[in-house]
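These are the residues of each chain, in order.
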2 protein chains.
Amino acid sequence: MTILRTPLADGSARGIPDATVARLPVYLRALNALAEQGVATCSSNDLAENAGVNPAKLRKDLSYLGSYGTRGVGYDVEYLRYQIAREIGQTQDWDVVIVGVGNLGSALSAYQGFSTRGIRVAALVDADPKRVGTTISGITVSSLDDLTAIVEERAISIGIIATPGEAAQEVADRLVAAGVTSILNFAPALVQVPDGVDVRKVDLSIELQILAYHEQRKAGKEATA
Amino acid sequence: MTILRTPLADGSARGIPDATVARLPVYLRALNALAEQGVATCSSNDLAENAGVNPAKLRKDLSYLGSYGTRGVGYDVEYLRYQIAREIGQTQDWDVVIVGVGNLGSALSAYQGFSTRGIRVAALVDADPKRVGTTISGITVSSLDDLTAIVEERAISIGIIATPGEAAQEVADRLVAAGVTSILNFAPALVQVPDGVDVRKVDLSIELQILAYHEQRKAGKEATA
DNA sequence: AAGAGTTTGTGAACGCGTTAACAAAATCGT
DNA sequence: ACGATTTTGTTAACGCGTTCACAAACTCTT
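Below is a summary of the structure that appears in this document. Treat the numbers as computed from the prediction; the structure is a model and nothing was measured.

Quick notes on the rules
- Residues numbered from 1 in each chain as written.
- Chains lettered and ligands numbered in written order.
- Predicted model: local features only at pLDDT ≥ 70, side-chain atom pairs only at ≥ 80, totals over all residues.
- Heavy atoms only, no water.
- Near = heavy atom within 4 Å.
- Polar contact = N/O pair within 3.5 Å; in protein donor to acceptor, adjacent residues only side chain to side chain.
- Helix = DSSP H or I, 4+ residues; strand = E, 2+ residues; numbered from the N terminus.
- Nonpolar A, V, L, I, M, F, W, Y, C, P; charged D, E, K, R; others polar.
- Contact = heavy atoms within 4.5 Å.
- Pairing = 2+ DSSP bridges.
- Axes fitted to C-alpha atoms, helices over the stretch in contact; angles between N-to-C directions.
- Phe/Tyr/Trp six-rings, centres within 6.5 Å; stacked < 30°, edge-to-face > 60°.
- Salt bridge = Lys/Arg side-chain N within 4 Å of Asp/Glu carboxyl O.
- Buried < 20%, exposed > 50% of the residue type's maximum accessible area, 1.4 Å probe, protein only.

Notes on the protein's contact with DNA strand D
Residues in close proximity to DNA strand D total 27 residues, the closest being A:Ser44, A:Lys60, A:Tyr75, B:Arg23 and B:Arg71. Here DNA strand D approaches the protein such that, of its atoms within 4 Å, sugar and phosphate make up 66%. The separation between a phosphate oxygen of DNA strand D and a polar side-chain atom of B:Arg23 is 2.7 Å. Secondary structure elements with two or more residues in the surface near DNA strand D: helix H3 (55–65), strand E2 (69–70) and strand E3 (74–76) of chain A together with helix H1 (18–36) and helix H3 (55–65) of chain B. Its residues assigned to classes, the surface near DNA strand D shows seven nonpolar, 11 polar and nine charged.

Observations concerning the environment of B:Glu215
Take B:Glu215: it is sitting in helix H8 (residues 204–223). Between the alpha carbons of B:Glu215 and B:Val132 there is a distance of 42 Å; along the sequence they are 83 residues apart. What B:Glu215 contacts, discounting residues up to four positions off in sequence, is A:Trp94, A:Ser157, A:Ile158, A:Thr181 and A:Ser182. There is a polar contact of 2.6 Å between the side chain of B:Glu215 and the side chain of A:Thr181.

A few points about the sheet that holds strand E1 (residues 41–42) of chain A
Residue and element names in this part refer to chain A. Across the sheet, which stays open at both edges, the three strands sit in the order E1-E3-E2 with antiparallel pairing between neighbours. Looking at the sheet topology across the chains shown, the edges are occupied by E1 and E2. Sheet topology places E2 next to E3; two bridges connect them, and they run antiparallel. Paired with Thr-70 across the two strands is Gly-74, which belongs to E3. Against the sheet, helix H4 (residues 77–87) engages E1 and E3, with an angle of about 75° to E3.

Quick look at the sheet that holds strand E7 (residues 139–143) of chain A
All names here are of chain A. As summarised here, the arrangement of the seven strands in space is E6-E7-E5-E4-E8-E9-E10, forming an open sheet in which the pairing is mixed. Here the strands that pair on one side only, and so sit at the sheet edges, are strand E6 (135–136) and strand E10 (198–201). Contacts from helix H7 (residues 165–178) reach strand E4 (94–99), strand E8 (158–161) and strand E9 (182–185), with the element oriented near 170° to E8.

A short note on the protein's contact with DNA strand C
Surrounding DNA strand C, one finds 26 residues, the nearest of these being A:Arg23, A:Arg71, B:Ser44, B:Arg59 and B:Tyr75. Among atoms of DNA strand C positioned within 4 Å of the protein, sugar and phosphate together represent 65%. Within the side chain of A:Arg59, an N or O atom sits 3.5 Å from a base nitrogen of DNA strand C. Separating a phosphate oxygen of DNA strand C from a side-chain N or O atom of B:Tyr75 is a distance of 2.7 Å. For the surface near DNA strand C, the secondary-structure elements that each account for two or more residues are helix H1 (18–36) and H3 of chain A together with H3, strand E2 (69–70) and strand E3 (74–76) of chain B. With four residues, the top contributor of residues to the surface near DNA strand C is H3(A). Across the surface near DNA strand C, the residue classes break down as seven nonpolar, 10 polar and nine charged.

Let's talk about the packing of aromatic side chains
Residues and elements named next belong to chain A. In the structure shown here, the tally under the stated rule is four aromatic pairs over all chains. Judged by centre distance (5.6 Å) and plane angle (85°), the rings of Tyr-68 and Tyr-79 are edge-to-face. Of this pair, Tyr-68 sits in the loop between H3 and E2 while Tyr-79 sits in helix H4, placing them 11 residues apart in sequence.

Details of the pattern of salt bridges
Residues and elements named next belong to chain A. A complete count under the given rule lists 28 salt bridges over all chains for this structure. The salt bridge partner of Asp-203 is Lys-201, with a shortest N-O separation of 3.1 Å. On the basis of relative accessibility, which here comes to 6%, the residue Asp-203 falls in the buried class. What makes Lys-201 partly exposed here is its relative accessible area of 35%. As a salt-bridge pair, Glu-215 and Lys-218 come within 3.2 Å of each other at their nearest N and O atoms. One end of the pair is Glu-215 and the other is Lys-218, both in helix H8 (residues 204–223) and three residues apart, which spans about a single turn.

So, in structure tokens, the structure goes:
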């Protein structure tokens, strides 16, 4: 008995590899760009170039969704766009709550890129009483104590942690207790969550530290040349 | 002829795998936390738990740097901390320039987490004349046209793109022309750069779209249960 | 000093993701 | 109608990263 790619109980979903899932939004964006240019059909080469990936990889990724292309012709932009959007759940809007409205949280709540990708910032929450009641990007900031009520009322399943690192675990615990099952963590700290809850981490410092490492290598290389 | 892990011309650097490089800052953060708690020595188990990784993976990662532990004892926190910091170039500060001081750029320029990790925001640049001359987080915003002068004067090698997607390629071209060789791209767009320039991409929408995909699967699963 | 207990460093197996390569299937030109 | 051409979908090989498992090396107790 070998179980492949965490199949669903209902057997309908085919179990798409994580690496592929991470690229589907990229393809979707590329398809939207092509559609705006009035392109009706594209080959895997065209789309792959727009998405910045290897064409073979693109075709393999799409093959996990189904057989939506036509040999000798390519892909219908509009049709493929819809199929990917459906697969990643972008036919509906997803409400998210942002916890922590400091500089980063405020910037995220104003971020233009979310709305066009099916993400709607539905609520802002902060632990600081001085921030509660203020309005940011048209949304009134609520107290962290009201998190559960907000999450339940608006049926929110995705939370964003934009607090300092020290508060991250406490906030994560509260989000999970309130019923959130997916968390995007911007705080520079590890958060532990129970099984069934997904956490993705975006660490701004680490991205720059990785670049700094490569810069150092480049500098060392030319010093000995 | 097989070349392993992009060895350096001088032969000094051992060529650390990318996946390992990406984790070194995580280890460094965990070590700093331990040092603050007054811990002098730790085992790979201790450190791995603090960093959220498998102990075997941690040991293998560290083995690429050298043999800095003692069998039967563990790692000296302070010593290992220094060795990792040196390896990833954190014994010096890295000046970065942020291009685009909208919501996100402003938040990044105020981000507390950078300074403690050897990242210094040295300059802010924007194409909008209305923003040029204003002061954000104590830094006066310069014109995009002055980018080359700024980069040269301050010897900046790392640039951050925090503009709308449409401007990203243009900004990337200017950064590269100015002499920047590492770019962190927050814009929702692909940027093309010449060989020798590193680009890392952080896409806020995509992170949430990936979570949304998993949410959809969870929802579908229970619907048929 | 020797055995029991720890913990590192690493060789080897395994699994996932990427890429090349090609057969299958469509269109196009004559 | 049929051969040439295009392009997909997929299989197979390859490479990288992860993890297990264990010998080597150290400490501690007696």
